[in-house]
Amino acid sequence: MSTFCNEFSIYDNFDLKKSTYNEGVAVRRFFILRTLIYGGRLIDPANRVDAYLSLLIENGRVAYITESMPEADERIDAAGKIVCPGFIDIHMHEDPVENGRIYADADRAIFSCMLRMGVTTAIGGNCGDNCCDPADYLDIVDRNGAAVNVGMLAGHTYFRRCAGVADRYLPATCMQRIKIREGIERALARGCLGVSYGLRYSPGTDHEEILAAARPCCESNKMIAAHIRSDAQEVFAAGREILDAGMELGIPVQLSHIGSMAGFGQMESFLRMVDLYRMNGLDVSCDCYPYEAFSTSIGSATYDDGWMERYGCSYDAVELCEGKYKGQRCTESVFNEVRRAHPECLTVCYVMREADVDRAFFHPNVMLASDGILSHGQGHPRAAGAFPRFLAQFVRRGKIGIYDAISKMTAMPADRLGLLSKGRLSIGSDADIVIFSPEHITDCADFQHPVRVPKGIDRVLIGGVTAAEQGRIVKSDLGRSLRK
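Quick summary incoming for the structure in this document.

**Looking at the nonpolar core**
Reasoning step 1: Phe-111, Tyr-197, Ile-242, Leu-255, Ile-258 and Phe-436 are the most contacted members of the largest nonpolar core, which has 121 residues in total.
Reasoning step 2: The dominant element in this core, judged by the number of residues it contributes, is helix α13 (residues 382-395), at eight residues.
Reasoning step 3: Counting residues in each nonpolar core, the second largest holds 14 residues, with Ile-90, Met-223, Met-367 and Met-412 among its members.

The following block contains the structure:
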């Protein structure tokens, strides 16, 4: 039976306003609802726990860990299942805003795909770009809710355009650098979690512009995340560019989707270079997705002259995700036609080495991220399958242990982002939880069906409330903004 209470009396030091805007937690009811999850294997790497324990949730937060069966309004039998913190995707690309609301098609929106694959917190604004002012985006999330909790990075490329830099191949002027910095300062002051760069997509960016955009992070020690300037054999100089900026300013660095940057035979040496910076005092980590193909628009600078020589491939390595050639591999004529007429068209490029992607995930400083991006349900299957694929292809095949895999999806990104009540199941933490079958979890999305729903995820809870069950979204508006 539920107990009526004052909503501010649940936790001694609970600040509703601070919690709502800093960590996306809102007390949404005046009743303490008690939910017990029992019988499952509780894995919580943040607390170094792997044990068969029951979890009691009260009003959206973890209230008690027990071996007993206390009274509860709802009991969830997790026998034979893994119970762990909700997955955190530190690198994805948010749904666009249409008519003042976030695109929210239940089947094709990326936040819906995130939820169905166990993600409860997603970080957008990556690779330097935002679909609108990132702090305004957070306001929309809080006003209308979202399928998952949402944090945002302030995209350097977005603020570059706002400052009037119209040519991506030209550097910003002194006055434009000032405007870029001021725009980023405002976004960080309103709660954005750091700054992202897409140096591949803004090749005119020079060292002074990188530093100008990053300096607002210094006071609050927020991170910079980078899609670095180049890949393959050029990855080492490109990596040092952003690593040196982090060293110069003394701020954390996140190297984005390193599988698609060093996954062409350079991974071992690239990770050794990153280790060297870390041992010399730089707070740096990396993320990666578990596929051997990357995705970007056909008009991006990735496909500028020399790309086939860099990857050692031909036009048929590129598959088109949209339009009249959807699902087809490119020829020279098709590639040039679409790049000229539809530069926004998403592509998939099959060029990365499986051994390099594996080597990235074996490293203790590499976490999982999807790099998911969709255009009305079209795109790379990583947007709907990255997290279950990691468990199916790496854990079930014995490449990596389940405890370490869950750490890469929960504790590591939470710690990197400084989200103290996410990615863990400590008493008082947000009750964002995934229950899944380790034997049956499987990614079903593929390059022909990029938003197909995964199997084996029994339940996803956000704030202690069931948001998805057996691949079906039950509540699509439980997510709130995450701000620092």
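**Some details on the pairing of strand β14 (residues 149-152)**
Reasoning step 1: Of the two faces of β14, the one lined by Asn-149 and Gly-151 and the one lined by Val-150 and Met-152 are each fully buried.
Reasoning step 2: Relative to β14, strand β13 (residues 119-124) runs parallel, the two being bridged by four bridges. Each bridged residue has a counterpart across the sheet, and for Ala-122 the counterpart in β14 is Val-150.
Reasoning step 3: Bridge count between β14 and strand β30 (residues 481-482): two bridges; the pairing is parallel.

**Some words on the sheet that holds strand β22 (residues 346-349)**
Reasoning step 1: Strand order in the open sheet formed by three strands is β20-β22-β21, and the pairing between neighbours is antiparallel. Each having just a single partner strand, β20 (294-297) and β21 (318-320) make up the two edges of the open sheet. On average, each strand axis in the sheet is inclined to that of its neighbour by 30°, with strand direction left out of account.
Reasoning step 2: As defined by bridge partners, β21 adjoins β22 across three bridges and the pair is classed as antiparallel.

**Describing helix α6 (residues 207-214)**
Reasoning step 1: Of all the eight residues making up α6, six are buried; the element is thus mostly covered by neighbouring parts of the structure.
Reasoning step 2: Within α6 the residues assigned to the buried category are Glu-209, Ile-210, Leu-211, Ala-212, Ala-213 and Ala-214.
Reasoning step 3: Looking at the buried residues of α6, the elements they touch are α4 (156-162), α5 (174-189), β16 (194-198), β17 (223-227) and α7 (235-249).

**Quick word on the pattern of salt bridges**
Reasoning step 1: As enumerated under the stated definition, the model contains 32 salt bridges in all.
Reasoning step 2: As a salt-bridge pair, Arg-452 and Asp-446 come within 3.9 Å of each other at their nearest N and O atoms.
Reasoning step 3: Between Glu-469 and Arg-459 there is a salt bridge, and its shortest N-O distance comes to 3.2 Å. A residue pair is termed long-range when its members are at least 10 positions apart, and Glu-469 in strand β28 (residues 465-469) and Arg-459 in strand β27 (residues 457-462) qualify at ten residues.
Reasoning step 4: Here Glu-469 falls in the partly exposed class, since its relative accessible area comes to 29%.
Reasoning step 5: Residue classification places Arg-459 among the buried residues on the basis of a relative accessible area of 15%.
Reasoning step 6: Through salt bridges with shared partners, a single ionic network connects Asp-133, Asp-136, Asp-139, Asp-142, Arg-190 and Arg-483.

Reading the values: the criteria
Residues numbered from 1 in each chain as written. Predicted model: local features only at pLDDT ≥ 70, side-chain atom pairs only at ≥ 80, totals over all residues. Heavy atoms only, no water. Core = buried A, V, L, I, M, F, W, Y, C linked by side-chain atoms within 4.5 Å. Buried < 20%, exposed > 50% of the residue type's maximum accessible area, 1.4 Å probe, protein only. Helix = DSSP H or I, 4+ residues; strand = E, 2+ residues; numbered from the N terminus. Pairing = 2+ DSSP bridges. Axes fitted to C-alpha atoms, helices over the stretch in contact; angles between N-to-C directions. Contact = heavy atoms within 4.5 Å. Salt bridge = Lys/Arg side-chain N within 4 Å of Asp/Glu carboxyl O.

Geometry only, nothing functional implied.
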